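# Summary of structural features
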Amino acid sequence: MHETNIKDQPPIDYQALVNEVLSAAEVYRGHGDLPAYIPALAQVDPKKLGIALALADGTTYVAGDADEPFSIQSISTIFTLSVALGHVGAAMWNHVGREPAGSPFNALVQLEEEKGKPRNPLTNAGAIVVCDQLIGRDTADEAVEEILAFLRERSADDGVSISEHVAMSESKAGSLNRSLAHFLASFGNLQNPVEDVLSVYFRQCAIAMSCRQIARAALYLAFDGTDPVSRQEVCLPSRSRRINALMLTSGHYDNSGDVAFRVGLPGKSGSGGGILATVPGVGAVAVWSPGLNSARTSLAGLVALEKLVERTSWSVFV
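Summarised in this report is the structure supplied together with it.

Cut-offs and rules
- Residues numbered from 1 in each chain as written.
- Predicted model: local features only at pLDDT ≥ 70, side-chain atom pairs only at ≥ 80, totals over all residues.
- Heavy atoms only, no water.
- Helix = DSSP H or I, 4+ residues; strand = E, 2+ residues; numbered from the N terminus.
- Salt bridge = Lys/Arg side-chain N within 4 Å of Asp/Glu carboxyl O.
- Buried < 20%, exposed > 50% of the residue type's maximum accessible area, 1.4 Å probe, protein only.

## Digging into unusual backbone geometry
Even without being glycine, Asp224 reaches a positive phi, approximately 55°. As for its position among the elements, Asp224 is in the loop between helix H11 (219–222) and helix H12 (237–250). Even without being a glycine, Arg231 presents a positive backbone phi close to 65°. Tracing the sequence through the fold places Arg231 in the loop between H11 and H12.

Okay, structure coming up:
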């Protein structure tokens, strides 16, 4: 999306916009399925629905349940990847690819066929590799603290925390992820013990944040790696663009292509019902509704993003 397109648009009443988008998605409130494979998430109220839009000056417009923390699940991989790339740089791509998976996000067969190198860092196996790289020579606890510190700074909110209840539920239901991690280790693609790496992975997925916090935290990705409020360079511009590219091509499980077709913005879904989307040069959006479609993306949340783009023409393809 080019800046000239934004300048040519008439002024937007952003509060009216988020109210209208939430209203348009209201008919889908409570629809979809809760992720029964994670018992703690299966207990969430399916009728929750919220949206937050953070802009370059830090102003955030919200509607609905936008200030209620929820389990961000694999939305966390975007932030962990940002931190890990700051440590290892391009060496990350020796361990994980950059291609759309073309198969379920937790596929074992593909990982075996491709000799333990995940297709991209947004699959479960890829996210586990990123956690391993983040640990490096430190401890699992230090890696988790680094992720939390990053999110607290980016969201300007020290209240960001981990739900220990969700983390425990993740671990107890984590047999498939343990299988993925052992596959990775068998091919020499983990440098730390499997349970240490998984302890980071389960806890990062169990981070609880609100739509408001997520949208504010992701602003740097909408502005070439620089937080537009603090002017701090969070990551290199080239790195920010590449993370956005991965979000566009691989950020929504098995319906990434459909989301790109319908929304046209880089984004990342989480099985907790959240979706993050970045609008280059404008800001970041977070939506939350726990009911998921068949590809484990929020049903009402996806409709909300689609309506947002319809009303603003925000798209990387404009």
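After that view of the structure, there is still more to cover.
## Thoughts on the pattern of salt bridges
Overall, the coordinates contain 16 salt bridges when judged by the stated rule. In this structure, Asp67 and Arg212 form a salt bridge, with 2.6 Å as the shortest nitrogen-oxygen distance. Placement of Asp67 in the loop between strand S2 (60–64) and strand S3 (70–71) and of Arg212 in helix H10 (residues 211–217) is noted, with a sequence separation of 145 residues between them. Since its relative accessible area comes to 47%, Asp67 is described here as partly exposed. Of the residues examined, Arg212 reaches a relative accessible area of 31% and is grouped as partly exposed. Between Asp258 and Arg262 there is a salt bridge, with the nearest N and O atoms lying 3.3 Å from each other. Here Asp258 and its partner Arg262 are both found in helix H13 (residues 256–262), four residues apart, which amounts to about one turn of the helix. By relative accessible area, Asp258 is classed as partly exposed at 34%. One network of salt bridges, in which partners are shared, links Glu20, Lys307, Glu310 and Arg311.

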